[in-house]
Amino acid sequence: MINFCNLYSGSSGNCTYIASENTRILVDAGVSCNKIIKALHEIGIELDEIDAIIITHEHSDHTKGLTTISKKYNIPVYANIKTWHMIESLNVKDTCKFTFTTGKEFEIGDFKIYPFSISHDAVDPCGFSIFHDDKKVTIATDIGHITEGVLHQMENSNILLLEANYDDETLKCGPYPYQLKKRIMSEKGHLSNEEAGKTLAYLSKNNVQNMILGHLSKENNFPELAYQTVFNEIDMNGNICNLSVASRDFVDPMITL
Ligand SMILES: [Zn+2]
Ligand SMILES: [Zn+2]
């Protein structure tokens, strides 16, 4: 059994809960410790019941809560070595620091976890495929560009959380400075609704059942627009599947596999 629950998703902070019968982990801790505690309460979990936190990359919308969590709790935190160098100032206790290697599977309790490299403007950013009981959950946000390798990594996921960060036109016409727009649209930036749609249309024919759009920009996207753009693409070029949009500030319904 795998329980999956998106607690927070978006450029203002990311945190996802994934649990088996015996193991509970969080992917990223990009909001305050208090907000994580509050969200976990909504699903009946205490923060000290979490066995580990795994970190995709150093940006604050993925790491913001670590300092307080490490001060108050003894939860192991896993990141790759380059990411650890970048977040030294967050003062995670040495006894709670664990290192994985991108591209090499590791285990936490019941879970086998495969961190794969993604294209983003961080030092060694990764997505995760998490395996238990013949089930596969993949989280891939903060992706400037979908490579062939990443596309294959996402195939056969029972749940896929994929970024749909911005709508092209909304970003182009929006208030962001030119350089920032360029950064977001670059291969090391974020994924547009359209690119997410094309990716998911392909994956809908490659055994992905539950698709969740995440990490939406507050300024350059709208949940309805992201959903509709991706839905149209799947409708034209893919197969019907479960599609939803992760909430920015609300705990989403638990998905049980
Ligand atoms: Zn990022
Ligand atoms: Zn991010």
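The structure this text deals with has already been given above.
Here goes a summary of the coordinates provided. (Residues numbered from 1 in each chain as written. Chains lettered and ligands numbered in written order. Predicted model: local features only at pLDDT ≥ 70, side-chain atom pairs only at ≥ 80, totals over all residues. Heavy atoms only, no water.)

A short note on the packing of aromatic side chains
Logical step 1: Summed over the entire model, instances satisfying the criterion amount to 5 aromatic pairs.
Logical step 2: Here F100 and F128 contribute two aromatic rings whose centre-to-centre distance is 5.6 Å and whose plane-to-plane angle is 80°, an arrangement assigned as edge-to-face. With a gap of 28 residues between them, F100 in strand β6 (residues 97-100) and F128 in strand β9 (residues 126-132) connect regions that are remote in the sequence. Both residues of the pair, F100 and F128, count as buried.
Logical step 3: Cluster of aromatic residues (ring-pair linked, three or more members): Y78, F98, F100, F106 and F128. (Phe/Tyr/Trp six-rings, centres within 6.5 Å; stacked < 30°, edge-to-face > 60°. Helix = DSSP H or I, 4+ residues; strand = E, 2+ residues; numbered from the N terminus. Buried < 20%, exposed > 50% of the residue type's maximum accessible area, 1.4 Å probe, protein only.)

Description of the coordination of the zinc ion (ligand 2)
Logical step 1: Each protein donor to the zinc ion (ligand 2) is listed here as D61 (OD), H62 (NE2), D142 (OD) and H215 (NE2); together their distances run 2.1 to 2.2 Å.
Logical step 2: All donor residues of the zinc ion (ligand 2) come from one chain, and their arrangement in sequence is D-H-x79-D-x72-H.
Logical step 3: Separating the zinc ion (ligand 2) from the zinc ion (ligand 1) is a gap of 3.4 Å, which D142 spans by donating to each of them. Pair noted here: D61 is in helix α2 (residues 60-63) and D142 is in the loop between β10 (135-140) and α5 (148-154), with a separation of 81 residues, a long-range link. Exposure class is identical for D61 and D142. Each is buried. (Donors = N, O, S within 2.8 Å, 3.2 Å for Na, K, Ca; no water.)

Description of helix α1 (residues 33-42)
Logical step 1: Buried within α1 we find C33, I36, I37, A39 and L40. End-on, the buried residues of α1 take up no more than an arc of 165°, which puts them together on one face. Looking at α1, the residues exposed on the side facing more than 90 degrees away from the buried face are N34, K38 and E42.
Logical step 2: Residues of α1 that are buried in the fold lie against β1 (3-8), β2 (15-19), β3 (24-27) and α3 (66-72).
Logical step 3: Downstream of α1 by one or two residues, G44 has phi in the positive range, about 75°. (Arc of directions from axis to C-beta. Contact = heavy atoms within 4.5 Å.)

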